[in-house]
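Residues per chain, in single letters:
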Amino acid sequence: SLPERYYYPKINKSKYVKLDLSGKASKLKIEFKDCKGLNFKLNEISINNKVPFSISILRIVLTFIIIFCLYIFRPKSEFYKYKINFKSKKQKIIIAIFIFLEAWCFLNLINSNEKMKNLYEYSNHNQYYQLTKALANKKVYLDIEPSKEIKKMENPYDYGYRKKLTDEQGAIFEWDRAYYNGKYYVYFGIVPVITTYLPFYLLTHYMLPNYIAVYFASLLMMVGLFLLLKEVTKRYFKNIPFLIFILIYFWLLSCSGIVGILCYPTLYNVPITFALMFTYFGLYFWLSSIKKNEISKL
């Protein structure tokens, strides 16, 4: 089989498919997937077309930003003489701009993967929606009736026997849910539901897409990391250069795994992002609540 291509009407590049064939091809079969029940009009299919030249403004801007950063952070940069000062208005503005740019980059990372953004529409990624509805109805178990075959099983987690029932008798088992005493439960962390999904549902009667929850938590994580680094700097590294502070903040943020999470903002990354956010805020509140001379006693 040859490469697959997702077509997006508003993205011109998605109209072209590059095929690396071995030798000359005399036949070519095109198959449209996931189109059952849909109607679409196909105007034309062309072979050996030239892909039009396109300029990415985003790539140009990012290239200049990278070059500028390399110039600023070079070893002999004169900017190292400016020490960190959290009361400086200029430094506050620079930090605010930096955080804004990071938030903008986070948004572009999420938007770069349309398929992952829309996974929340599928049944294996809507566990939080089911839990939200259950909590709204004052229940902790899901409104899913297990099949009679599953209920009769002595051990519903016997994968081999359960697969036999599903194959031979058509028994249905809900994946990524916990089964206990005839009820299905969500075993993912409940905190994201209580703090975001449930309030959003009660206010709007709509479900919050998973990628928005990931983005919301990533923004708060970014703020929590800044507060934690600020507290550490004020206590132990008062005289470090402002550039070093920015550099440490950037690398801690990049090494947190958030880049990979934002590229795949699925259900599974929702609790992970919330855990990161609460970890940074928790460490910040813990450290800021302790007097400096008490740290050595812990």
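This text goes with the structure placed above it.
Owing to the predicted nature of the structure, the values given are computational and were not obtained by experimental measurement. (Residues numbered from 1 in each chain as written. Predicted model: local features only at pLDDT ≥ 70, side-chain atom pairs only at ≥ 80, totals over all residues. Heavy atoms only, no water.)

Asker: Requested: an account of the overall build of the protein chain, with residues and values cited.
Answerer: When helices and strands are tallied, the protein chain shows 11 helices and two strands. Relative to the 2.2 N^0.38 estimate, which gives 19 Å for 298 residues, the radius of gyration of the protein chain is 26 Å and therefore markedly larger than a compact globule would have. Taken along the three principal axes of its C-alpha coordinates, the protein chain extends 70 × 60 × 40 Å. Here the protein chain holds 298 residues, and 31% of them are scored as buried. Relative to all contacts within the protein chain whose residues are 6 or more apart in sequence, the contacts with residues 24 or more apart total 69%. For the protein chain, the computed accessible surface area is about 21,200 Å², with 61% contributed by carbon and sulfur atoms. Distance between charge centroids for the protein chain: 13 Å, based on 41 positive and 20 negative side chains. (Helix = DSSP H or I, 4+ residues; strand = E, 2+ residues; numbered from the N terminus. Rg over C-alpha atoms; globule rule 2.2 N^0.38 Å. Buried < 20%, exposed > 50% of the residue type's maximum accessible area, 1.4 Å probe, protein only. Contact = heavy atoms within 4.5 Å. Areas by Shrake-Rupley, 256 points an atom, 1.4 Å probe, with all protein chains shown as cover. Lys, Arg positive; Asp, Glu negative; His and termini not counted. Charge placed at Lys NZ, Arg CZ, Asp CG, Glu CD.)

Asker: Go over the pattern of salt bridges with me, naming the residues and quoting the values.
Answerer: Across all of its chains, the model carries three salt bridges by this definition. With its nearest N and O atoms 2.3 Å apart, the salt bridge here joins Lys 139 to Asp 143. Accessibility expressed as a relative area gives 22% for Lys 139, which makes it partly exposed. Between Arg 235 and Glu 231 there is a salt bridge; the shortest N-O distance is 3.0 Å. (Salt bridge = Lys/Arg side-chain N within 4 Å of Asp/Glu carboxyl O.)

Asker: Give me the lowdown on the packing of helix H8 (residues 210-236) against helix H9 (residues 242-254), citing residues and values where you can.
Answerer: It is the contact of H8 with H9, at a shortest axis distance of 10 Å, that shows an interaxial angle of 135 degrees. Judged by the inter-axis angle, H8 sits oblique to H9. The handedness of the crossing between H8 and H9 comes out as right-handed. Between H8 and H9, the residues in contact are Met 221, Met 222, Leu 225, Phe 226, Leu 229, Lys 230 and Thr 233 and Phe 245, Ile 248, Tyr 249, Leu 252 and Leu 253, respectively. Residues that form the contact of H8 with H9 fall into these classes: 10 nonpolar, one polar and one charged. (Axes fitted to C-alpha atoms, helices over the stretch in contact; angles between N-to-C directions. Parallel < 35°, antiparallel > 145°, perpendicular 65-115°, else oblique. Left-handed = near helix turned anticlockwise from the far one by under 90°. Nonpolar A, V, L, I, M, F, W, Y, C, P; charged D, E, K, R; others polar.)

Asker: Report on the nonpolar core, specifying residues and quantitative values.
Answerer: Phe 106, Tyr 128, Tyr 197, Met 221, Phe 245, Tyr 249 and Val 270 are the most contacted members of the largest nonpolar core, which totals 54 residues. Elements represented by at least two residues in this core include exactly helix H2 (89-111), helix H4 (127-136), helix H7 (191-204), H8, H9, helix H10 (258-263) and helix H11 (269-288). Top element by residues in this core is H8. It accounts for 11 residues. For Tyr 249, the contacting residues outside a window of four places in its chain are Phe 98, Ile 99, Met 222, Leu 225, Phe 226 and Leu 229. (Core = buried A, V, L, I, M, F, W, Y, C linked by side-chain atoms within 4.5 Å.)

Asker: Any chance you could break down the packing of H2 against H8 for me, citing the residues and the numbers?
Answerer: Contact pair H2 / H8: the axes reach a minimum separation of 11 Å and the direction vectors enclose 155 degrees. Between H2 and H8, the interaxial angle falls into the category roughly antiparallel. Crossing handedness for the pair H2 and H8: right-handed. Between H2 and H8, the residues in contact are Ile 95, Ile 99, Glu 102, Ala 103, Phe 106, Leu 107 and Ile 110 and Tyr 211, Tyr 215, Ser 218, Leu 219, Met 222 and Phe 226, respectively. Taken together, the residues of the contact of H2 with H8 break down into 11 nonpolar, one polar and one charged.

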